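Notes for the structure review
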Amino acid sequence: MRAFLISETNDAVTTSVVNDLPTPSAAPGEVVVRVEWSGINFKDSMVVRPKSRVRRSPQLVGGVDAAGTVVESTDPAIAVGAKVVVHGGDLGVARDGGFADFVAAPSRCVNVLPPELTTRTAMILGTAGYTAFASLLALEHHGLKPDKGEVLVTGATGGVGSWSVVALAAAGYDVVASSGSTEAESWLLQQGSRRVIGRNDIGDRLDRVLGSERWAGAIDCVGGETLHQVLRTLRYGAAVAASGLVASADLATTVYPFITRNVALLGIDAVQAEAHTRAATWLLAAQTISGRDIEGLVDSTVSLEGVRDALAIIDRGATRGRILVQVNG
Ligand SMILES: NC(=O)c1ccc[n+]([C@@H]2O[C@H](COP(=O)([O-])OP(=O)(O)OC[C@H]3O[C@@H](n4cnc5c(N)ncnc54)[C@H](OP(=O)(O)O)[C@@H]3O)[C@@H](O)[C@H]2O)c1
């Protein structure tokens, strides 16, 4: 089968599209999927970095998510012929992932698609879209409601960010998009933002420990100083759903937002999510996009041969929405 193969030798990473990898078969508890579409996630760009701490194998097929048709199944709940999305677990980081004609995965990493989703729209969402909807669910579980005020989204032009804008706007929230891409303002307004601010405009009163109480909630995939600014400007009792680290994995902050404003930092993980969380999140995503034009969230479409260049683009933070990988779609 064809696959985008990542190999590391002597601290140098090489990538290539190969034609002669054996087609995987299903071990007990696994499902094999003929991949139709995949997508590029920030994590994929971390996997191809030399000495990557995300990648846990010296050689593997890349791709942390994929969607396609089941061709072999050892799980009675997932029938051969079902259209599915595959993501999470070790996929694309410690075992072969979705940039290939076929992918084998434990059935806990496989969701049968709700009827509203095709394999292509599932990958317009991808792990990034899943994470945005999981963030919305976590915030609402914490008590966020549309009448509470403005909700901030950071890294807004990226996969998680743009889907967070769409998800929140569709649910009736006043969305403020924070972006380093000033030229993307009109695009972010089209996706549902009420207004757009710069990366450095999240917090005020920078000489004080706490800023003004601005945000009724926030979805952050940037981390570092951005997450610090979000925390010090959340309103009393508000929460931020944090999933990412594009700027930094470090978090230098104080305890004051937590102990004087009762704010909450909600961790979001798409990798080991429980089955009921995965099912609820994919269902919400499917219902939200049903009948909605989501083509504006497609940055571009590449073949397996285009994955290498696409990874470099996402590493620069230069996308708007999602880059799709057309495998057999
Ligand atoms: N926890 C989980 O399970 C989970 C799941 C999915 C993703 N993630 C994480 O979420 C993050 C985003 O993933 P993604 O796939 O959405 O990535 P992405 O598509 O590359 O989007 C990231 C966005 O962040 C902004 N950005 C880039 N570099 C930045 C910098 N140095 N400082 C501040 N902002 C910067 C850019 O938006 P602007 O130009 O608009 O600012 C960029 O488009 C990654 O860290 C990823 O690993 C985690």
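Please read these numbers as outputs of a predicted model, since none were measured by experiment.

Criteria and thresholds
- Residues numbered from 1 in each chain as written.
- Predicted model: local features only at pLDDT ≥ 70, side-chain atom pairs only at ≥ 80, totals over all residues.
- Near = placed C-beta within 6 Å.
- Helix = DSSP H or I, 4+ residues; strand = E, 2+ residues; numbered from the N terminus.
- Nonpolar A, V, L, I, M, F, W, Y, C, P; charged D, E, K, R; others polar.
- Domains from an automatic or database assignment.
- Contact = placed C-beta atoms within 7 Å.
- Pairing = 2+ DSSP bridges.
- Axes fitted to C-alpha atoms, helices over the stretch in contact; angles between N-to-C directions.
- Right-handed = clockwise from strand over helix to strand, strands pointing away.

Let us look at the site of the ligand. Around the ligand sit 32 residues in total, of which G155, G158, S179, G244 and G317 are the nearest. For the shell around the ligand, the elements supplying multiple residues, two or more each, are α1 (42-47), α2 (119-142) and α3 (159-170). Broken down by class, the residue content of the shell around the ligand amounts to 13 nonpolar, 16 polar and three charged. Looking at which domains feed residues into the shell around the ligand, each of domain 1 (3-116 + 295-326) and domain 2 (127-267) supplies at least three.

Turning to the domain arrangement of the protein, a few remarks are in order. Under the domain assignment used here, the protein contains domain 1 (3-116 + 295-326) and domain 2 (127-267). Listed by partner, the interface residues are 12 residues for domain 1 and 13 residues for domain 2.

Okay, the sheet that holds strand β4 (residues 59-61) next. The strands making up a sheet associate through backbone hydrogen bonding, with each pair oriented either parallel or antiparallel. Sheet architecture is open: three strands sit in the order β2-β1-β4, paired in antiparallel fashion. What marks the edges here is a single partner per strand, and that holds for β2 (12-18) and β4. Going across the sheet, the axis of each strand differs from the next one's by a mean of 20°, ignoring polarity. Summarising the sheet, strand β1 (residues 3-9) and β4 pair through three bridges and their orientation is antiparallel. In the sheet register, S7 faces β4, and the bridge partner there is Q59.

This paragraph deals with the pairing of strand β13 (residues 234-242). Examined bridge by bridge, strand β12 (residues 215-220) and β13 share five bridges and lie parallel to one another. Residue I219 lies in a different strand from β13, and its bridge partner there is A241. Between β12 and its parallel partner β13, the chain crosses via helix α5 (residues 224-233), and the hand of that crossover is right-handed. Where β13 lies against strand β14 (residues 264-267), four bridges are found, and the strand directions are parallel. What sits directly across from A239, in β14, is A264.

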